[in-house]
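Okay, here's what each chain looks like letter by letter:
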Amino acid sequence: IARGSKIAVGFEMLNQSLQPVLNDYADGKLTEAEFLAKADWQKEWGFDFNMYKPLFDFIVQNKLRALALNVPKKVVSKIARTGLESLTEEEKSFLPEKVEITQHKKYNEFLKESFAGHGDSPMAKMFTLENYLASMAAWNEGMGARVADFLTNNPGYSVLVIAGNGHVIYNAAIPASVKARVKGVRQASFYTEQADKCPEVMPKEHKDLANYVWYINHPPK
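A brief look at the structure comes next.

Rules used in this analysis
- Residues numbered from 1 in each chain as written.
- Predicted model: local features only at pLDDT ≥ 70, side-chain atom pairs only at ≥ 80, totals over all residues.
- Heavy atoms only, no water.
- Helix = DSSP H or I, 4+ residues; strand = E, 2+ residues; numbered from the N terminus.
- Rg over C-alpha atoms; globule rule 2.2 N^0.38 Å.
- Buried < 20%, exposed > 50% of the residue type's maximum accessible area, 1.4 Å probe, protein only.
- Contact = heavy atoms within 4.5 Å.
- Areas by Shrake-Rupley, 256 points an atom, 1.4 Å probe, with all protein chains shown as cover.
- Lys, Arg positive; Asp, Glu negative; His and termini not counted.
- Charge placed at Lys NZ, Arg CZ, Asp CG, Glu CD.
- Phe/Tyr/Trp six-rings, centres within 6.5 Å; stacked < 30°, edge-to-face > 60°.
- Lys NZ or Arg CZ within 6 Å of the ring centre and 35° of its normal.
- Core = buried A, V, L, I, M, F, W, Y, C linked by side-chain atoms within 4.5 Å.
- Axes fitted to C-alpha atoms, helices over the stretch in contact; angles between N-to-C directions.
- Parallel < 35°, antiparallel > 145°, perpendicular 65-115°, else oblique.
- Left-handed = near helix turned anticlockwise from the far one by under 90°.
- Nonpolar A, V, L, I, M, F, W, Y, C, P; charged D, E, K, R; others polar.
- Patch = residues over 30% accessible without salt bridge, like charges linked within 9 Å, V, L, I, M, F, W, Y side chains within 5 Å.
- Salt bridge = Lys/Arg side-chain N within 4 Å of Asp/Glu carboxyl O.
- Arc of directions from axis to C-beta.

Section: the overall build of the chain
Item 1. A tally of helices and strands in the chain yields 10 helices and five strands.
Item 2. Relative to a compact globule of 221 residues, whose C-alpha radius of gyration would be 17 Å, the chain shows 18 Å and is just as compact.
Item 3. Overall, the C-alpha framework of the chain stretches about 50 × 45 × 40 Å when taken along its three principal axes.
Item 4. Per-residue burial for the chain yields a buried fraction of 41% across its 221 residues.
Item 5. The long-range fraction of contacts in the chain, counting pairs at least 24 apart against all pairs at least 6 apart in sequence, stands at 65%.
Item 6. Accessible surface, the chain as shown: approximately 13,500 Å² in total, 54% of it carbon and sulfur.
Item 7. Across the chain, 27 positive and 26 negative side-chain charges occur, with their mean positions spaced 4 Å apart.

Examining the packing of aromatic side chains
Item 1. Inspection of the entire model under this criterion finds 15 aromatic pairs.
Item 2. Centre to centre, the rings of phenylalanine 115 and tyrosine 132 are 5.3 Å apart; their planes meet at 40°, and the pair counts as tilted. Of this pair, phenylalanine 115 sits in helix H7 (residues 105–116) while tyrosine 132 is found in helix H9 (residues 129–153), placing the two residues 17 residues apart along the sequence.
Item 3. Where phenylalanine 150 meets tyrosine 157, the ring centres are 5.3 Å apart and the plane angle is 85°; that geometry is what we call edge-to-face.
Item 4. Here phenylalanine 150 falls in the buried class, since its relative accessible area comes to 7%.
Item 5. Aromatic ring contacts, followed pair by pair, group Phe11, Tyr25, Phe35, Trp41, Phe49, Tyr52 and Phe56 into a single cluster.
Item 6. Sitting over the ring of tyrosine 157, arginine 65 keeps its end group 5.5 Å from the ring centre.

Side note on the nonpolar core
Item 1. Within the largest apolar cluster, 22 residues are counted, with the highest numbers of intra-cluster contacts made by Leu14, Phe35, Trp41 and Phe56.
Item 2. Listing elements by their share of this core, those giving two or more residues are strand E1 (7–15), helix H1 (19–26), helix H4 (53–62) and strand E2 (65–70).
Item 3. Leaving out residues up to four positions away in the same chain, phenylalanine 56 has contacts with Phe11, Leu14, Leu22, Tyr25, Phe35, Trp41 and Phe49.
Item 4. If you look at the next biggest cluster of nonpolar residues, it comprises 18 residues, including Tyr132, Val168, Ala210 and Tyr215.

As for the packing of helix H5 (residues 73–82) against H9
Item 1. H9 packs onto H5 with a crossing angle of 155° between their chain directions and a minimal axis gap of 7 Å. Regarding the angle of H5 to H9, the classification is roughly antiparallel. Of the two possible hands of crossing, H5 and H9 adopt the one that is right-handed. Along its contact with H5, which presents Val76, Ile79, Ala80, Arg81 and Thr82, the element H9 presents Asn131, Tyr132, Ala134, Ser135, Ala138 and Trp139.
Item 2. A class-by-class count of the residues in the contact of H5 with H9 yields seven nonpolar, three polar and one charged.

Comments concerning a nonpolar patch on the surface
Item 1. A cluster of nonpolar side chains, contributed by Phe190, Tyr212 and Trp214, occupies part of the molecular surface with about 370 Å² of accessible area.
Item 2. As for its position among the elements, phenylalanine 190 is in strand E4 (residues 190–194).

A look at unusual backbone geometry
Item 1. Phi at tyrosine 170 takes a positive value of approximately 60°, unusual for a residue other than glycine.
Item 2. Considering the arrangement of structural elements, one finds tyrosine 170 in the loop between strand E3 (158–162) and helix H10 (174–181).
Item 3. In this structure, aspartate 208 takes a positive phi of about 70° despite not being glycine.
Item 4. Mapped onto the elements of the fold, aspartate 208 is located in the loop between E4 and strand E5 (212–216).
Item 5. Look at aspartate 208 and you get partly exposed, because its relative accessible area is 44%.

What to know about H1
Item 1. Taken together, the buried positions of H1 are occupied by Gln19, Val21, Leu22, Tyr25 and Ala26. Taken around the axis of H1, the buried residues stretch over an arc of 160°, which confines them to a single face.
Item 2. Contacts from the buried residues of H1 go to E1, helix H2 (32–38), H4, E2 and H9.
Item 3. Residue glycine 28 follows H1 closely and has a positive phi angle near 80°.

Any functional reading would require information beyond the geometric quantities listed.
Given below as structure tokens:
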């Protein structure tokens, strides 16, 4: 209500090559079934579309803009296996010209713990830590640059980004990427935590996870 219709909603769930399909759905040119088929939702994302349906319905009903933010999986996976230098020109087109591995200490510790958590799995044996960090940097920078480009080219717009906690945590991933590219941008991030109720005092380990920690009591599956 406060911002009128000048809102775009960006989705990690859809890679950048699917922008034309998302445009057609947001414009009401595709049915939900047609959108899911053309976007290959099950293969592209895999989670139940009903979890996100209210967002997409709201976009269509209110004629909002929608953005496909993600870097294609095959590009992120290739970087994790063989590094940034191995990308073709076409694959590089999904990334900004400059991709830098974050120097944020807590975020790097989070990524290293994530990498170590794979243990002796086949995936861990395929990747080096260096390439894994590069793949995460490319993933975050690719999405952040998409948001930044939209804000730069569409003055007056606000963007709501729907992405996993790992791309928001400590404001070191997508938020940092956008901030570095859009002068004076104002941002707010929400990190979700499972909880039966909102704690009276924020747990020490949750400090600085994001601008806001949102405690959610999820119903049983």
